Each structure stands twice: as C-alpha cells, then as structure tokens.
Amino acid sequence: MSSYGSSSRSSSYSSQRSNIRTYPNGVAKCGCDQVPQVRTAWTKKNPGRKFIGCVNRNIPGGCDAFDWIEDEVCDKGMQIGRTLLTRLDEKEEKLKAIQAVNDTLKVNNKKMHEVIQKLTTSNNALLTKKQSDDVQIHALQNELYKYKSIGWILKFVFIVVCATWMYKVTKKY
Ligand SMILES: [Zn+2]
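Just so it is clear, the model here is predicted, and its values are computed rather than measured.

Considering the overall build of the chain
Next, step 1: Looking only at helices and strands, the chain features two helices and five strands.
Next, step 2: In sequence order, the secondary structure elements of the chain are arranged as α-β-β-β-β-β-α.
Next, step 3: In summary, the chain has a C-alpha radius of gyration of 48 Å against a globular reference of 16 Å for 173 residues, an excess of more than 25%.
Next, step 4: Structurally, the chain occupies a C-alpha span of about 155 × 40 × 25 Å along its principal axes.
Next, step 5: Partitioning the intrachain contacts of the chain with sequence separation of at least 6 by distance along the chain shows that 41% fall at a separation of at least 24.

Written as structure tokens, this is what we have:
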C-alpha cells in the first residue's frame, strides 16, 4: 500500500486515514479519481496545520481521502492559533452584526423609496388639480371684471339721467 507521504512522514500522523494513492508516474489520486489538494486546517484542534485532501471531502457522501502532511502544532503554536481563531470569530460576529444592521437599513431604504414614490404621485396629482383650479379662478375673475364694468356703466347712466331730470325740474321753476 502506498499512501501519500506515509513513508517519509513521522509516525504521529501516518496512522490517519488516507485513501490517496501515488501512481508510478508520481501523480497522486484519491478514490474518486481527483488530484488531492494541499490545504491548511484552521480548526481549534489543528490551527495552521497543513493536510492533503480531496476537493469533494466536504460534500455529503463525498470522498474521504485525507492525510495530514505536517506534524501536530506545538503547544505554543496551538495557543497562538487558538487566540487568533477566537479573535477571528469575534470579528466575524461583529461583521455579522454590521451586516444585519446593513440589511435592516436596506429594507428601511426600500420602504422610504416607496413612500417617496407615493408622495411624488400624490404631489403630481395635487399640482394637476391646482393648475385646473387656477384656470377656473382666472375665468371667474374675468367674469367678475365684466360685471363690475357693467355696474360702473349703469351707475354712470343713472347719474346722467338724474342730472338731466334735475336740470329739467329746476328749469321749470
Ligand atoms: Zn476524492
């Protein structure tokens, strides 16, 4: 059995399940015929520890090809890695909170836009009504001016008639 790297690695991780075969041409392949990839684990148990695994390992029913290619992280490295991971978790929590606020703002913004649109529509309707009212007021003002003019003419005629009548009456005596 030739599992990936097991002959040249220390015994601390050669016992890991591997299912990665290295062919005579040097190409390593897993059970699902993929070339396994080297990645770095960022778990609390293995912070920053390199491994080789199949690209399909995280999908349900995926390939189980996996092998550590680095020794376990030393105590100091573990401590640093865990601290960094905790800080990263805190940052991610903050980011999530900010994203939640952002989502709420987006929803509020959308609602505000809808209100603005409704107000604009209502405003346009009021403007149209005002224009129509202005036309009516203008027509009524014209009519009022016409009646006022007739009134002045009638008053003038009345004064002339009265003056003529008074003149005739005073002339008799
Ligand atoms: Zn695979």
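What follows picks up the thread again.
As for the environment of T170
Next, step 1: Tracing the backbone through its elements, the reader meets T170 in helix α2 (residues 75-172).
Next, step 2: T170 sits in the exposed class, given 8 other C-beta atoms within 10 Å.

Brief notes about the sheet that holds strand β5 (residues 66-68)
Next, step 1: If you trace the three strands from one edge of the open sheet to the other, you get β3-β4-β5, paired in antiparallel fashion. The outermost strands of the open sheet, each flanked by one partner alone, are β3 (37-42) and β5. Averaged over all pairs of adjacent strands, the angle between strand axes in this sheet comes to 35 degrees, irrespective of strand direction.
Next, step 2: The sheet strands contacting α2 are β3 and β4 (47-53), and the helix crosses β4 at an angle near 95 degrees.

Some words on the pairing of β3
Next, step 1: Across the six residues that make up β3, only a small minority, zero, are buried.
Next, step 2: Bridge count for β3 against β4 is six bridges, and the pairing is antiparallel. Note that in β4 the partner of A41 across the bridge is R49.
Next, step 3: Between the end of β3 and the start of β4, which pair antiparallel, lie four residues.

Remarks on unusual backbone geometry
Next, step 1: The phi angle at D33 is positive, at roughly 65 degrees, despite the residue not being glycine.
Next, step 2: Within the secondary structure, D33 is located in the loop between β2 (28-30) and β3.
Next, step 3: Looking at D33, the number of C-beta atoms within 10 Å reads 8, which means it is exposed.

Observations regarding the environment of I159
Next, step 1: Tracing the chain through its elements places I159 in helix α2.
Next, step 2: Measuring from C-alpha to C-alpha, the distance between I159 and Q117 comes to 63 Å, with 42 residues separating the pair along the chain.

Observations regarding the confidence of the model for the chain
Next, step 1: On average, the chain scores 88 in pLDDT, and the residues at 70 or more come to 90%.
Next, step 2: Looking over the chain, one finds the lowest element-wise mean pLDDT in helix α1 (residues 11-14), namely 38, and the highest in α2, namely 96.
Next, step 3: This model gives residues 1-16 a pLDDT under 50, and the stretch forms 24 contacts once residues within four places in sequence are excluded.

Considering the pairing of β4
Next, step 1: With three bridges connecting them, β4 and β5 associate as antiparallel partners. Counterpart to F51 in the pairing with β5 is W68.

Definitions and limits used
Position labels on residues start from 1 in each chain and follow its written sequence. Thresholds applied to this predicted model are a pLDDT of at least 70 for local features of residues and 80 or more for the giving and counting of side-chain atom pairs; totals over whole chains, interfaces and linings are not thresholded and use all residues. For the purposes of this entry, the term helix denotes a DSSP run of H or I that reaches at least four residues, the term strand denotes a run of E that reaches at least two, and both are numbered from the N terminus. Values of the radius of gyration come from C-alpha atoms, whereas the globule rule sets the reference at 2.2 Å times the count of residues to the power 0.38. Contact criterion: two residues are in contact if their C-beta atoms, reconstructed from the backbone, are within 7 Å. Exposed residues have 12 or fewer other C-beta atoms within 10 Å of their own C-beta, buried residues have 20 or more, and partly exposed residues fall in between, where C-beta atoms are placed from the backbone. In short, DSSP must find at least two bridges between two strands for them to pair. Only C-alpha atoms enter the line fits that serve as axes; for helices the fit covers just the stretch in contact. Angles between N-to-C directions range over 0 to 180 degrees. Values of pLDDT, ranging from 0 to 100, describe the predictor's confidence in every residue of the model.

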